[in-house]
Amino acid sequence: MSAPPKTPILQLIDVRKTYATGHLEVEALAGVSLDVSEGDYVAVMGPSGSGKSTLMHILGCLDSPTSGLYRLAGTDVSTMSEAELAEVRNRRIGFVFQQFNLLPSLAAWRNVELPLIYAGMPRAQRRKLAFASLERVGLADRVEHRPGELSGGQQQRVAVARALVTDPALILADEPTGNLDSRSTEDVLALLSELHDAGRTIVLITHEAEVAAAAARTVRIRDGLVDTGELTGRAVRSG
Amino acid sequence: MNLLETFRTAGEAIRSHRMRSILTMLGILIGIAAVILTVGLGKGAQQQVRDEINKLGSNLLIVSPGSTTTSGIRGGRGSASTLTMSDAVTLSNAAVAPDIKQVAPVASSSLSVVAGNTNWTTNVVGTTVDWLTVRARNVAQGRFITQDDVDQGRQVMVIGSTVSSELFGQRSPVGQTVTVSGNTFSIIGVLDTIGSSTTADEDDQVVIPQTSYASRISTSANRSSITTMYIEATSQSSLSAAYQEATNALTTSHGVTGTNRDFSISSQQSLLTTATSTDQTLTVLLAGVAGISLLVGGLGVMNIMLVSVTERIREIGLRKALGATPSAIRRQFLVEASSLGLSGGILGLTLGIVGAVVLPHFLNQPVLISPFAAAGAVAVALVIGIVAGVYPASRAARLAPIDALRSE
Ligand SMILES: Nc1ncnc2c1ncn2[C@@H]1O[C@H](COP(=O)(O)OP(=O)(O)O)[C@@H](O)[C@H]1O
Ligand SMILES: [Mg+2]
């Protein structure tokens, strides 16, 4: 395809991440270069242990690379302060985790409003947005339920509602369907497609081809290296 | 995140971890109550001893006869008293002893007092009118002996409350008569009840004019000999001057030297100082025990807080992933820990104060609340709670969000 090159919202250049566990060093990312342009829907696919989650944590500013450059909307992330990074995570990125990561003591809408609290929004407005977001994922009748009172699929939809509530430009989802049955998987994928249609940039991490098929393009990753970038990926071939 | 949200989040965290919140508060509560009560008990005991000593009279010096040692053999106590009424007259002279306010000479012996068919053996005291003020006593019924009673050598008697109840039961003794060694005395008053001092049951005695004692009761060869002199100094600060004056005057008038003095003078102050310092040691010891219990309670609180923060590192990671700054996390845990510490502190204070009010009824021992100890205990508990809650939380807040999120 020869679409005119857009400025990438996410740009990784030769990013490496090494974990030191005792004497052993694990290179989870061995030099990944990747561009994701605005409005893109990328599936990152690879076998377990290939470095997908590590990649997502770096993309989401939850972790920093050992070396290499990461530009988020043109800004080198390594130059940002803790407070700036907190603001980026708060305003620009919505996370969906495989383990949902909901706070068990809070009702669904209270989980959804969490990012808005840190954005400094008044309570009444937070409540309105949280309810709207839950309605959007089809949980209008579950707003007062705690995570323990919801099914896995419903919990993940609460997590999606939380990722949406700040209206972020970028959604990062790490195996969001990994713990769900096929029905719930369809629900969540439908929600992500809807968001893509509405102009959001989405990075979806999965090890399942059927799930990756929902994305506009797929980046394959193996042993910490990008394997083949279909469509517009900047491909780095490994032997 | 504004202050209201911080407080709301902290409040929810406290409520949703009910058991650990209760345990934390309990640790602080018990530590503080223990400090308040143990220090209070020590202070109470100190006060009690002070009160008891003060019952003997304030600014008091006591002159006792020392037996003569002329033959190199000390006679038994009181075998030949070296003090007489003239010594009392000497010391009453303001020119000789300007720092002595009053002197109460006392001659006494243990005798049987008979009222009708009842008799009671008690201490019969012959003295002058100043005895009442020197000994810091009051009359509960009737009146005390007057100068006129002394001058006329009247056979009148003021009795202690123990004597009154032993001889007359519930009846009023004033106006009744009793006999002592065959002499009839009419009762003119009853002394107030003060209980035991450090030396004797102050309620088990009867007081008669010194002149009547000398003429009717005394069995000494020298009928004007006395057994003790109570001296009241003009003030607490002139006590040592009064001591010096009395020593000099008696040494001169008895014609003795510093080495063969036939009298001794003791002060209540020295007794008080000894007793107070003994009790001070006790208080310090008790405070030490209380301090250790506070420390142990504090370590318990630290342990609970540490475990609870460790449990919640995932929560901290999630909050950071959703946009919490490290300072927002620190503020949340600071408010949480200090609310727990403060409410534990207030409950501990309340328990301590309630204990201080209730305990004396069971222990027959006053408990004095020391504001210093109370404030110190609360401050220590607060600091322990806050340090234990905030330090691990602020460390977790500095972790990369994913490291916190991944922790188990
Ligand atoms: N915190 C960590 N400490 C040490 N090694 C890690 C850590 N996280 C991931 N790894 C290692 O890095 C590699 C990639 O892990 P990950 O990114 O989770 O893979 P994926 O999500 O594709 O299954 C794995 O070999 C894993 O064991
Ligand atoms: Mg993974």
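For clarity, every value in this text was computed on a predicted model and none was experimentally measured.

(A) Fine view of the overall build of chain B. Secondary structure summary: chain B contains 13 helices and 12 strands in total. A separation threshold of at least 6 residues defines the contact pool for chain B, and within that pool the share at least 24 residues apart is 76%. On chain B, roughly 18,600 Å² of surface is accessible, and the fraction owed to carbon and sulfur atoms is 60%.

(B) Examining the packing of aromatic side chains more closely. Residues and elements named next belong to chain A. Enumeration according to the criterion identifies three aromatic pairs over all chains in this entry. Ring geometry for Phe95 against Phe97: centres 5.7 Å apart, planes inclined by 15°, an arrangement best described as stacked. Looking at Phe97, the relative accessible area reads 5%, which means it is buried. Over the aromatic face of Trp109 sits the side chain of Arg127, whose NZ or CZ is 5.1 Å from the ring centroid.

(C) Layout of empty space enclosed by the protein. Applying the stated rule across the entire model yields three cavities of 30 Å³ or more. In this structure, the largest cavity occupies an estimated 60 Å³ of space. Lining the largest cavity are Arg89, Asn90, Ile93, Gly94, Phe95, Pro115, Arg162, Ala163 and Thr166 of chain A together with Ala321 and Leu322 of chain B. When contributions to the lining of the largest cavity are tallied by element, the ones reaching two or more residues are α2 (82-91), β6 (93-96) and α5 (152-164) of chain A. Here the lining of the largest cavity is composed, by residue class, of six nonpolar, three polar and two charged.

(D) A look at the packing of helix α3 (residues 85-92) of chain B against helix α8 (residues 239-254) of chain B. Residues and elements named next belong to chain B. At a minimum axis distance of 10 Å, the contact between α3 and α8 shows a crossing angle of 135°. The angle between the axes of α3 and α8 places the two elements in the oblique class. Our pair here, α3 against α8, has a crossing hand that is right-handed. Here Asp87, Thr90 and Leu91 of α3 lie close against α8, whose contacting residues are Ala246, Ala249, Leu250, Ser253 and His254. Across the contact of α3 with α8, the residue classes tally to four nonpolar, three polar and one charged.

(E) Structural detail: the pattern of salt bridges. Under the criterion given, the structure shown has 27 salt bridges over all chains. Measuring nitrogen to oxygen at the nearest pair gives 2.8 Å for the salt bridge that ties Glu113 of chain A to Arg126 of chain A. Highlighted residues: Glu113 of chain A in helix α3 (residues 108-118) and Arg126 of chain A in helix α4 (residues 123-136), separated in sequence by 13 residues. There is no split in this pair, since Glu113 of chain A and Arg126 of chain A are both buried. Each of Arg110, Glu113 and Arg126 of chain A together with Glu5, Arg8 and Glu12 of chain B takes part in a single network of salt bridges with overlapping partners.

(F) View of a positive patch on the surface. All names here are of chain B. On the surface, Arg330, Arg331, Arg395 and Arg398 cluster together into a patch of positive charge. Listing elements by their share of the positive patch, those giving two or more residues are α11 (326-363) and α12 (371-398). Along the chain, the position of Arg330 falls in helix α11. Assessed through its relative accessible area of 32%, Arg330 is described here as partly exposed.

(G) View of α3 of chain B. All names here are of chain B. Along α3, the residues that are buried comprise Met85, Asp87, Ala88 and Leu91. In a view along the axis of α3, the buried residues occupy a sector of 155°, so they form one face of it. Those residues of α3 hidden inside the fold are in contact with β2 (83-84), β3 (100-115), α7 (210-217), β10 (225-226), β11 (228-233) and α8.

(H) How the structure looks around the site of ligand 1. Around ligand 1, a shell composed of 13 residues is seen, among which Gly49, Gly51, Lys52, Ser53 and Thr54 of chain A lie nearest. Neighbouring residues of ligand 1 are distributed over chains A and B. About the coverage of ligand 1: the protein hides 68% of its 550 Å² of free accessible area. Breaking the shell around ligand 1 down by element, the ones donating at least two residues are β1 (8-21), β2 (24-37) and α1 (52-59) of chain A. The element that contributes the greatest number of residues to the shell around ligand 1 is α1 of chain A, accounting for three residues. Residue composition of the shell around ligand 1, by class: four nonpolar, seven polar and two charged.

(I) Representation of α2 of chain A in the model. Among all positions in α2 of chain A, only Leu85, Ala86, Val88, Arg89 and Asn90 of chain A are buried. Contacts made by the buried residues of α2 of chain A are with β4 (67-72), β6 and α3 of chain A together with α10 (313-321) and α13 (401-406) of chain B.

(J) Spotlight on the pairing of strand β12 (residues 263-267) of chain B. Residues and elements named next belong to chain B. With burial as the criterion, only one face of β12 is covered, namely that bearing Phe263, Ile265 and Ser267; the residues Ser264 and Ser266 on the opposite face remain uncovered. Both strand β1 (residues 60-65) and β12 contribute to a ladder of five bridges, which runs antiparallel. Counterpart to Ile62 in the pairing with β12 is Ser266.

(K) Quick look at the confidence of the model for chain B. All names here are of chain B. Overall, the prediction assigns chain B a mean pLDDT of 83, with 91% of residues at 70 or greater. Mean pLDDT across the secondary structure elements of chain B bottoms out at helix α9 (residues 268-311), with 76, and peaks at strand β6 (residues 156-159), with 95. Note that residues 68-79 has pLDDT below 50 and, in this model, 10 contacts with residues that lie over four places away or in other chains.

Thresholds, definitions, all that
- Residues numbered from 1 in each chain as written.
- Chains lettered and ligands numbered in written order.
- Predicted model: local features only at pLDDT ≥ 70, side-chain atom pairs only at ≥ 80, totals over all residues.
- Heavy atoms only, no water.
- Helix = DSSP H or I, 4+ residues; strand = E, 2+ residues; numbered from the N terminus.
- Contact = heavy atoms within 4.5 Å.
- Areas by Shrake-Rupley, 256 points an atom, 1.4 Å probe, with all protein chains shown as cover.
- Phe/Tyr/Trp six-rings, centres within 6.5 Å; stacked < 30°, edge-to-face > 60°.
- Buried < 20%, exposed > 50% of the residue type's maximum accessible area, 1.4 Å probe, protein only.
- Lys NZ or Arg CZ within 6 Å of the ring centre and 35° of its normal.
- 1 Å grid on protein atoms, 1.4 Å probe; cavity = no way out; pocket = protein on both sides within 12 Å on 5 of 7 lines; lining within 4 Å.
- Points joined across faces, edges and corners; volume = space filled by probe spheres on them.
- Nonpolar A, V, L, I, M, F, W, Y, C, P; charged D, E, K, R; others polar.
- Axes fitted to C-alpha atoms, helices over the stretch in contact; angles between N-to-C directions.
- Parallel < 35°, antiparallel > 145°, perpendicular 65-115°, else oblique.
- Left-handed = near helix turned anticlockwise from the far one by under 90°.
- Salt bridge = Lys/Arg side-chain N within 4 Å of Asp/Glu carboxyl O.
- Patch = residues over 30% accessible without salt bridge, like charges linked within 9 Å, V, L, I, M, F, W, Y side chains within 5 Å.
- Lys, Arg positive; Asp, Glu negative; His and termini not counted.
- Charge placed at Lys NZ, Arg CZ, Asp CG, Glu CD.
- Arc of directions from axis to C-beta.
- Near = heavy atom within 4 Å.
- Pairing = 2+ DSSP bridges.
- pLDDT = per-residue confidence, 0-100.

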